[in-house]
Amino acid sequence: MTKAYSYIRFSTPEQAQGDSLRRQVAKAEVWAQARGLILDDSHRDLGISAYHGANRTNGALRSFLQMVEDGKIERDSYLIVESLDRLSRETVIDAATQLFALIQAGVVVVTLSDGQEYSATRLRQDWTPLVISLAVMARAHDESRVKSERVGEAWRQKKAAARTEGKPITPRCPEWLEVRDGKFIERSDRVEIVRRIFRETIEGFGRREIVCRLNGEKKLPFKAGEKRKKPPTGWQTSSIAKIVQNRAVIGEYQPHTGTHKARNRRPEGEPIKDYYPRIIPDDVFWRAQASLENRRQQTGGRRGDKGAHILHGLAKCSACGSPMWVVNKGKPPKGGVYLACSSNRRNVGCDNGRAWRVDELEEAVLLCLTSFKTQSFKGLYQQAANNGEIVDAIRAELDDLNRRNKVLMRLAESEDPQAIARFFEIAEQVKAKTAELKAAEAELAISQSDPGDSTLLAEVLQLSTNFMQLEGEERLESRIRLSSLIRRIVPLIECHPIRGAYIVLPLDTKVWRVESPTEGAFAFQLDLQPRAVDAPPPRYLFLLKKNPTDDARDAFYQGKGGQMMTADGIKGFPSPNAFEKLKNKQGIDRAPARRR
């Protein structure tokens, strides 16, 4: 049975509030009923322009044309449109090509506004409808062209005024602002939420934790008051990501041309600085970006109500370099949560089958870190801490410039003069920012051992004091913050099948001083690499075993000697080779008793 298909389109979402949709649907239904045809009215492009052919390349019309090409639309079927300008407002040659392709495929195109039927049978006998169609297409394109030019010029003037005078272009603005009397006004309750999101991001909270906290406190999402088909059900992780990465918080506005639907949206010119009120300082914004990057490098993860282990993302297998996996063996005392080599667990070639209790590793890490001497760093802390933050901010800003330049490079390949000019402009910014980063890193290295660690270690000490006794939300907050602090101090934890698990602290730019713990003991060793041009710098290794046995300590030292730090002070354990040299030099006949 012959079938009729209606195609309904209008250009802007606002037209859905008017009569356009109802009118087009009603007319198509009346036409089909009068001829006893089954009507399929599912092909709708609502809010999609036909001036540049967006409906032809992406919309419902594209789906219909594909069905025609695939032979899924029977010959002599009808395509009903209100007017030819619903199908296309492109140039006459493009619009006519599309119309002719439909007709040659056996589709009868019906225009309800003038009652015309365009079919291959009719046009072979009477070509006059083609004259009418060409006139309609030309008029439709000219109307859209003139409108586009007028609107485009108006937008250019608005964007120029925004750059020179800072005037709001439209009432639309970030959710934490509103336009009142032609000016941007901060919405204080929302600004405070944005600042809180940045603060918690820097402190180490992930998007999921921030979302849970906001929803738990019944903080309404910014779009809660909008009229939508499906009202928001609270904060989402995507909302947090958009806020943290939105440069509008530092006052920037990036004008664009094109639309997302047409897939031709792209930046127009450089961002307009100080267009919006700044609600986040530049250094805080870039520190948040650096924190996000740090979380990505350390691998993210879902945290339960007790929190992930505080060594999350730091531990690697010393045998194969693979990350360590969390393995839950059930409830203590027989079970527990362990770390094991991911490659060994996946049976892909690593022989390191040893596993370490997470709670024991955590206790040992806190014992070591709270024993590092911090008082000697206090006087220099503020300057060096600022240097570290400056370096993180410059690195994040440089990464952003490089990402923007990659996008511009693709645009420049299309020989866009504006894109080419902007590409070279940002390339100069990258060059200047790279030099700035080099200078900042040199200044940071001069400030010996990054005195910023002083405050980090002091906070670790404060948090670890009652860490094990905390429960619920307080425990989760403490674990997240501890995990963030430890990642900034400890670059790596190696898990060796014989030596055990140990912290690795490089000695290239830092000076580590250790003092006696208040309770317990731990072993450490200065690991001097063989002298060579490309040899890595010496390292301090701290065994993650509280009160290690003699066997555990000796296995860790591997015959190279080391030291034990106890509440009574430091005890040295020379390597056997060192004792043999001393024996030969002084003529000692018997080995001294082992120091305990």
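Scroll up for the structure.
It should be emphasised that the depicted structure is a prediction, and the values quoted were computed from it without experimental measurement.

1. Some thoughts on the overall build of the protein chain
Here comes step 1: Assigned secondary structure in the protein chain consists of 19 helices and 19 strands.
Here comes step 2: A burial count over the protein chain gives 43% of its 596 residues as buried.
Here comes step 3: Sequence-distant contacts in the protein chain: of pairs separated by 6 or more residues, those separated by 24 or more amount to 64%.
Here comes step 4: Carbon and sulfur atoms provide 50% of the accessible area of the protein chain, an area that totals close to 33,200 Å².

2. A closer look at the sheet that holds strand 4 (residues 108–111)
Here comes step 1: Across the sheet, which stays open at both edges, the five strands sit in the order 2-1-3-4-5 with mixed pairing between neighbours. The open sheet has two edge strands, strand 2 (38–46) and strand 5 (116–118), and neither has a second partner. Averaged over neighbouring strand pairs, the angle between their axes works out to 20 degrees when direction is ignored.
Here comes step 2: Two elements, strand 1 (residues 3–10) and strand 3 (residues 78–81), share three bridges in a ladder whose sense is parallel. Across the sheet, residue Tyr 5 finds its bridge partner in strand 3, namely Leu 79.
Here comes step 3: Against the sheet, helix 1 (residues 20–34) engages strand 1, strand 2, strand 3, strand 4 and strand 5, with an angle of about 165 degrees to strand 1.
Here comes step 4: In the packing of helix 3 (residues 60–69) onto the sheet, the strands contacted are strand 1, strand 2 and strand 3, and the crossing angle to strand 2 comes to about 135 degrees.

3. Description of the packing of helix 9 (residues 207–216) against helix 10 (residues 237–244)
Each pair of packed helices gets described by two things: the angle between the helix axes and the distance between those axes.
Here comes step 1: Look at helix 9 against helix 10: their axes get within 9 Å of each other, and the N-to-C directions meet at 110 degrees. When the axes of helix 9 and helix 10 are compared, the pair comes out roughly perpendicular. In the crossing of helix 9 with helix 10, the sense of the turn from one axis to the other is right-handed. Contacts between helix 9 and helix 10 involve Arg 207, Arg 208, Ile 210, Val 211 and Leu 214 from the first element and Thr 237, Ile 240 and Ala 241 from the second.

4. Section: the sheet that holds strand 11 (residues 324–328)
Here comes step 1: The three strands are arranged 11-12-13 in an open sheet whose pairing can be described as antiparallel. On the outer flanks of this sheet lie strand 11 and strand 13 (355–357), each paired with one strand and no other. For this sheet the average axis-to-axis angle between neighbouring strands, irrespective of direction, equals 30 degrees.
Here comes step 2: Pairing of strand 11 with strand 12 (residues 337–341), which is carried by five bridges, proceeds in the antiparallel orientation. Bridge pairing in strand 12 places Val 327 opposite Tyr 338.
Here comes step 3: Packing against the sheet, helix 13 (residues 358–369) makes contact with strand 12 and strand 13, and its axis sits at approximately 65 degrees to strand 13.

5. Regarding the pattern of salt bridges
Here comes step 1: Applying the stated rule across the entire model yields 28 salt bridges.
Here comes step 2: Taking the shortest distance from any N to any O, the salt bridge between Arg 86 and Glu 82 comes out at 2.8 Å.
Here comes step 3: With its nearest N and O atoms 2.8 Å apart, the salt bridge here joins Arg 247 to Asp 400. Here Arg 247 is found in the loop between helix 10 and strand 8 (256–257), whereas its partner Asp 400 is found in helix 14 (residues 381–412), with 153 residues between them in sequence.
Here comes step 4: The class of Asp 400 is buried, set by a relative accessible area of 15%.

6. A few points about the packing of aromatic side chains
Each aromatic ring pair is specified by the distance between its two centres and by the angle formed by the two planes.
Here comes step 1: Tallied over the full model, the rule gives 18 aromatic pairs.
Here comes step 2: Judged by centre distance (6.2 Å) and plane angle (45 degrees), the rings of Phe 522 and Phe 524 are tilted.
Here comes step 3: You can call Phe 524 buried: its relative accessible area is 3%.
Here comes step 4: One aromatic cluster is present, formed by Phe 184, Tyr 253, Tyr 275 and Tyr 276 through successive ring pairs.
Here comes step 5: In this structure, Arg 499 is placed above the aromatic ring of Tyr 502, and the distance from its NZ or CZ to the ring centre is 5.2 Å.

7. What about helix 1?
Here comes step 1: Between its first and last C-alpha atoms helix 1 spans 22 Å; for 15 residues at 1.5 Å apiece the expected length is 21 Å, and the two agree.
Here comes step 2: Residues of helix 1 that are buried: Ser 20, Gln 24, Val 25, Ala 28, Trp 31 and Ala 32. Angularly, the buried residues of helix 1 cover 130 degrees about the axis, an arc narrow enough to put them on a single face. When the buried face of helix 1 is taken as reference, the exposed residues oriented beyond 90 degrees from it are Val 30, Gln 33 and Ala 34.
Here comes step 3: Where helix 1 is buried, its residues touch strand 1, strand 2, strand 3, helix 4 (84–87), strand 4 and strand 5.
Here comes step 4: Just downstream of helix 1, Gly 36 is the residue with a positive phi angle, here 65 degrees.

8. So, helix 3
Here comes step 1: Buried within helix 3 are the following residues: Ala 60, Leu 61, Phe 64, Leu 65 and Val 68. Looking straight down helix 3, one finds that the buried residues subtend no more than 140 degrees of arc, so they occupy a single side.
Here comes step 2: Of the residues trailing helix 3, Gly 71 is marked for its positive phi of about 75 degrees.

Conventions we followed
Residues numbered from 1 in each chain as written. Predicted model: local features only at pLDDT ≥ 70, side-chain atom pairs only at ≥ 80, totals over all residues. Heavy atoms only, no water. Helix = DSSP H or I, 4+ residues; strand = E, 2+ residues; numbered from the N terminus. Buried < 20%, exposed > 50% of the residue type's maximum accessible area, 1.4 Å probe, protein only. Contact = heavy atoms within 4.5 Å. Areas by Shrake-Rupley, 256 points an atom, 1.4 Å probe, with all protein chains shown as cover. Pairing = 2+ DSSP bridges. Axes fitted to C-alpha atoms, helices over the stretch in contact; angles between N-to-C directions. Parallel < 35°, antiparallel > 145°, perpendicular 65-115°, else oblique. Left-handed = near helix turned anticlockwise from the far one by under 90°. Salt bridge = Lys/Arg side-chain N within 4 Å of Asp/Glu carboxyl O. Phe/Tyr/Trp six-rings, centres within 6.5 Å; stacked < 30°, edge-to-face > 60°. Lys NZ or Arg CZ within 6 Å of the ring centre and 35° of its normal. Expected span 1.5 Å × (residues − 1). Arc of directions from axis to C-beta.

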